[in-house]
Amino acid sequence: MNWRSIFFAAPLAALAFAATAATASAAGPTCPDGAIKVGAVSTITGPADFSEVPKATKAAFDALNAAGGLNGCKIDYTIEDDKADPAVAAQAARDLIDNKEVVALVGSASLLDCAVNAATYNRKKVLSVQGLGVDAACFSSPSISPVNVGPYTLSTAMGYFATKTLKAKNLCAFFIIIGGTQEAYKKSIADWEKITGQKIHLLDLTLPFQGDLTPYVIKARDAGCDAVLTNQVEPQVVQLIKTVDAQKITGINWLFLAPAYTEQVAKALADSKQPIYAGTEWEPYTETGAEANAQWIADMKKAGRPLTAFSQGGYLAAKNFLKVIEGIDGPVTRESVTKALYDMKPIKDPLAGSPWIFGKAKTHSPMRSTKVMKLEKGAWVVETPDFVVLPKVN
Amino acid sequence: METYFTAAVAGLTAGGAYALLGVCAVFTYRLVAVVNFTGAAIGTAGTFMLISLTEAGYPTWPSVLAGIVTGTAVGVAIGFVMTRWFATAGASTKAAVTAALLVGLIAIGLRLTGGQHPHVMPELFPGSAFRLAGVQVTNASALTIGLAVLFTVASSLFLNGTRTGLHLRALSERPMAAELLGVRVRLLSLFVWGVTGAFTTFALMIIAPQRSPNFMTLSLLVVPALAAALIGLFRSFWLTLAGGIALGILEGLASTVDVVSQYRSAIPFLVILAVLLWSQREARWDEAR
């Protein structure tokens, strides 16, 4: 063990100590039926792989278990693969709730878990601390509170950044609409209009998932956009910028959401001179020297997990969840966990710009801030050292 | 009006790609009698060989050569499957087999190439050729259209004017008779698969930098390509060429009209449907059945 790992292990040990100390004074959480059972429903095989999220949650729980558990209680964590199939997702949730008898879901990340299972979670009064909310239902259900900003609020935040920092006058938005996301994206632009008092210059909800993008970049140029916001994912981001370069377009700021913020995108667009920005959901994961990332990096390294934005989500979900159940006096059951999440106070973690809370609201989208990265010569550099925090929508 | 013209020109890039791949599809069909769904996937496999070699630091043009060799090999491998086990099967069975092979190729390709992660795609012909109606027509898109025309002319001449061409036509239309006459059926077929593999690989290498650089989207370019081939009824190279370019222009135009724009990717299917209805217009129910 070198000095670094000792240094990073110290806070964990302190946490374990604090938990033990708590036993002496108050009752603290107890687990008369053995380990505390927690689960996650994630898309692992299928069109996308989000397994990095729950695996980071597991790493955080494993670290706690290795340090003796929470007040002596170990966490028994089960990850189920929904294969991006609604029937499998529903079955996975039922299995976790009825057979495994989990007290809550923590660190789930899936293409359709929220859409398929939100009603089940409501009915069974099981709450989900979503590690990565993807579909719109993750941000509009009483039983799910994601620890990430999500594409919709992030769209609003990136638009806000364009107006406030880049002084954009003609913001245009091009969105790929998959499934029932149209209303959510429309709302994110409406929120931006309310916050900034500006009108969107051009809103196009027909961006194709595949196909040539030349007509769209020409449309943006001819409409006079000075900033373009899109929700494209990795390969399309590269394609869009290549098309923009081929058309020799200049003078437009290109704003992307978190999926653009990857090293592969940076490498593929190393030659581009376009001003390219991407929103991060949390503290930028590429900033390995940042104080806010220190503990997350230490725990991930110990568990042998890669340092990705996904793993920040899973890790943050675990940490927030542990903070909440730490405050429970008596047995940790589904009822006591649900009550604790309902009554909790907001938790501020250095990894995120906004405090996270569950609470009893009908919908949850507590994370409302982002840092912005700029692509420069094949690497992402921090454009906003402080989090861009969205003001409240009136 | 000018907006529409600009949008139409903007569609040329896609149109050139559809035309080129469409002509390749017709070439395969006329010579080995297979509606080949794997056409673009074969080219994609070769293109990814190029990408992985250049990413590993090898020089561009030798990597292009290695990519084309890979594409040829994959083409021959699929040709081997088709000639070995499905030589006497009907056209629809063969088409179904290539569709199944496409699914397999995409699954393997996505695994090997890191799924949705983008790659650094070397541009073989960077820069733009000329500007028309406010749109830069890139060297790559000018080249795809040029290559499509060249391939069309060359294929017509080859099939109608040479002895090998005659043998090849015999091979697809009357394979048994051709074999009895001493034509080396299997060897010729494999040769055709190899040549189209090499050619589509080169085509894909030019098209890929303008597209979303992942295995699946590139492989699925086969859908508009087959729509273009259908416009030429899998017979006429010139109609296929025109059909492919028209499809691209239509897509470009559709993107300016919001109501239609969201259904833009359905255009190839609508075209396929329209052509099928039109080509069957005189067939009576009993015959068509």
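None of these values were measured; they are calculated from a predicted model.

Caption draft 1: Structural view of the overall build of chain B. Each helix and strand in chain B was counted, giving 15 helices and 2 strands. In terms of overall size, chain B behaves like a compact globule, its C-alpha atoms giving a radius of gyration of 19 Å where 289 residues would be expected to give roughly 19 Å. Each principal axis of the C-alpha distribution contributes one length, and for chain B these read about 60 × 55 × 35 Å. A total of 289 residues make up chain B; the buried ones form 48% of that total. The long-range fraction of contacts in chain B, counting pairs at least 24 apart against all pairs at least 6 apart in sequence, stands at 75%.

Caption draft 2: How the structure looks around the overall build of chain A. Of the regular secondary structure elements, chain A holds 12 helices and 15 strands. A globule of 394 residues ought to have a C-alpha radius of gyration of about 21 Å, and chain A, at 21 Å, matches this closely. With respect to the principal axes defined by its C-alpha atoms, chain A has extents near 70 × 50 × 40 Å. Evaluated residue by residue, chain A yields a buried proportion of 53% over its 394 residues. Sequence-distant contacts, at least 24 apart, represent 69% of the contacts inside chain A between residues at least 6 apart.

Caption draft 3: Region of the structure containing helix α7 (residues 214-223) of chain A. Burial runs high along α7 of chain A: 8 of the 10 residues are buried. Looking one or two residues beyond α7 of chain A, the residue adopting positive phi is G224 of chain A, at roughly 80 degrees.

Caption draft 4: Layout of the pairing of strand β1 (residues 128-132) of chain B. Residue and element names in this part refer to chain B. Here 4 bridges tie β1 to strand β2 (residues 135-138), and the two strands are oriented antiparallel to one another. Across the sheet, L132 pairs through a bridge with V135, a residue of β2. Joining the antiparallel neighbours β1 and β2 is a turn of 2 residues, in which A133 adopts a positive phi near 50 degrees.

Caption draft 5: Focus on the environment of K348 of chain A. All names here are of chain A. The topology assignment puts K348 in the loop between α12 (334-343) and β12 (369-370). Owing to 10 C-beta atoms within 10 Å, K348 belongs among the exposed residues under this scheme. Counting along the chain gives 152 residues from K348 to T196, while the straight-line C-alpha distance between them is 26 Å.

Caption draft 6: Spotlight on the packing of helix α2 (residues 12-32) of chain B against helix α7 (residues 163-173) of chain B. Residue and element names in this part refer to chain B. Packing of α2 against α7 leaves a shortest axis separation of 5 Å and a crossing angle of 75 degrees. As judged from the angle between their axes, α2 and α7 are roughly perpendicular. Two secondary-structure elements touch here, α2 through R30, L31 and V32 and α7 through L168, R169, L171 and S172. In terms of residue class, the contact of α2 with α7 is built from 4 nonpolar, 1 polar and 2 charged.

Caption draft 7: Looking closely at the domain arrangement of chain A. Residues and elements named next belong to chain A. Here chain A is partitioned into domain 1 (3-149 + 290-363) and domain 2 (151-280 + 371-389). Contact with domain 1, which involves 7 residues of that partner, is made by 13 residues of domain 2. Taken together, the residues of the side of domain 1 that touches domain 2 sort by class into 4 nonpolar, 2 polar and 1 charged.

Caption draft 8: Quick peek at the interface of chain B and chain A. Of the residues lining the interface, 32 residues belong to chain B; the matching set on chain A comes to 26 residues. Looking at the side of chain B that touches chain A, the elements with two or more residues in it are α1 (2-10), α2, β2, α12 (237-254) and α13 (258-261) of chain B. Residues of the side of chain B that touches chain A, tallied by class, amount to 9 nonpolar, 19 polar and 4 charged.

Caption draft 9: Here's a closer look at the packing of α2 of chain B against α12 of chain B. Residues and elements named next belong to chain B. Where α2 meets α12, the axes come as close as 7 Å, and the angle between the chain directions of the two elements is 150 degrees. What the angle tells us is that α2 and α12 run roughly antiparallel. Considering the relative orientation of α2 and α12, their crossing is right-handed. Taking contact as the criterion, the partners of L12, A14, G15, G16, Y18, A19, G22, V23 and V26 in α2 are, on α12, F237, T240, L241, G243, G244, I245, L247, G248, I249 and E251. Partitioning the contact of α2 with α12 into residue classes produces 11 nonpolar, 7 polar and 1 charged.

Caption draft 10: Structural context of the pairing of strand β6 (residues 171-174) of chain A. Residue and element names in this part refer to chain A. Side chains L171 and A173 project from β6 onto one buried face, and the interleaved C172 and F174 project onto a second face that is buried too. One ladder, built from 3 bridges, connects β6 with strand β7 (residues 202-204); its direction is parallel. The residue bridging F174 from the neighbouring strand is D204, located in β7. Each parallel crossover has a hand, and for β6 linked through helix α6 (residues 182-196) to β7 it is right-handed.

Caption draft 11: A look at the environment of K83 of chain A. All names here are of chain A. Residue position: K83 is located in the loop between β3 (75-81) and α3 (86-99). On the neighbour-count criterion, K83 (18 C-beta atoms within 10 Å) is partly exposed. In this structure, the C-alpha to C-alpha distance between K83 and I44, residues 39 residues apart in sequence, is 6.1 Å. For K83, the residues in contact, after removing those within four places along its chain, are T45, G46 and V88.

Caption draft 12: Quick look at the sheet that holds strand β9 (residues 253-256) of chain A. Residues and elements named next belong to chain A. Strand order across the open sheet formed by 7 strands is β7-β6-β8-β9-β10-β13-β14, with mixed pairing between neighbours. Looking at which strands have only one partner, the edges of the open sheet turn out to be β7 and β14 (379-382). Going from strand to strand, the sheet's axes swing by 25 degrees on average, the running direction of each strand aside. Direction of pairing for β6 relative to strand β8 (residues 227-230): parallel, over a ladder of 4 bridges. Note on β8: the bridge partner recorded for A173 is L229. On top of the sheet, helix α5 (residues 150-164) reaches β6, β8, β9, β10 (276-279) and β13 (372-376); it is set at about 170 degrees to β8, its chief contact.

Caption draft 13: Examining the nonpolar core more closely. Residue and element names in this part refer to chain A. In terms of nonpolar packing, the biggest core is built from 132 residues, with A104, L105, V106, A227, V228 and L255 touching the most fellow members. Of the domains in this structure, domain 1 (3-149 + 290-363) and domain 2 (151-280 + 371-389) are the two that each give at least three residues to this core. Residues in contact with L255, not counting those within four places in the same chain, are M158, A162, A227, V228, L229 and Y277.

Caption draft 14: Structural detail: unusual backbone geometry. All names here are of chain A. The phi angle at K377 is positive, at roughly 50 degrees, despite the residue not being glycine. The topology assignment puts K377 in the loop between β13 and β14. By the C-beta count within 10 Å, which is 11 here, K377 ends up exposed.

Caption draft 15: Seen up close, the environment of V103 of chain A. Residues and elements named next belong to chain A. Among the structural elements, V103 can be located in the loop between α3 and β4 (104-106). When the C-alpha atoms of V103 and I36 are compared, they prove to be 7.3 Å apart, with 67 residues separating the residues in sequence. Ignoring any residue separated from it by four or fewer positions in sequence, one finds V103 in contact with I36, K37, V38, V332, T333, R334 and V337.

Caption draft 16: Layout of the confidence of the model for chain A. Of the residues in chain A, 93% have a pLDDT of 70 or more, and the chain-wide mean is 88. This model gives residues 3-8 of chain A a pLDDT under 50, and the stretch forms 5 contacts once residues within four places in sequence are excluded.

So, how was this worked out
- Residues numbered from 1 in each chain as written.
- Chains lettered and ligands numbered in written order.
- Predicted model: local features only at pLDDT ≥ 70, side-chain atom pairs only at ≥ 80, totals over all residues.
- Helix = DSSP H or I, 4+ residues; strand = E, 2+ residues; numbered from the N terminus.
- Rg over C-alpha atoms; globule rule 2.2 N^0.38 Å.
- Buried ≥ 20, exposed ≤ 12 C-beta atoms within 10 Å, placed from the backbone.
- Contact = placed C-beta atoms within 7 Å.
- Pairing = 2+ DSSP bridges.
- Axes fitted to C-alpha atoms, helices over the stretch in contact; angles between N-to-C directions.
- Parallel < 35°, antiparallel > 145°, perpendicular 65-115°, else oblique.
- Nonpolar A, V, L, I, M, F, W, Y, C, P; charged D, E, K, R; others polar.
- Domains from an automatic or database assignment.
- Left-handed = near helix turned anticlockwise from the far one by under 90°.
- Right-handed = clockwise from strand over helix to strand, strands pointing away.
- Core = buried A, V, L, I, M, F, W, Y, C linked by C-beta atoms within 7 Å.
- pLDDT = per-residue confidence, 0-100.

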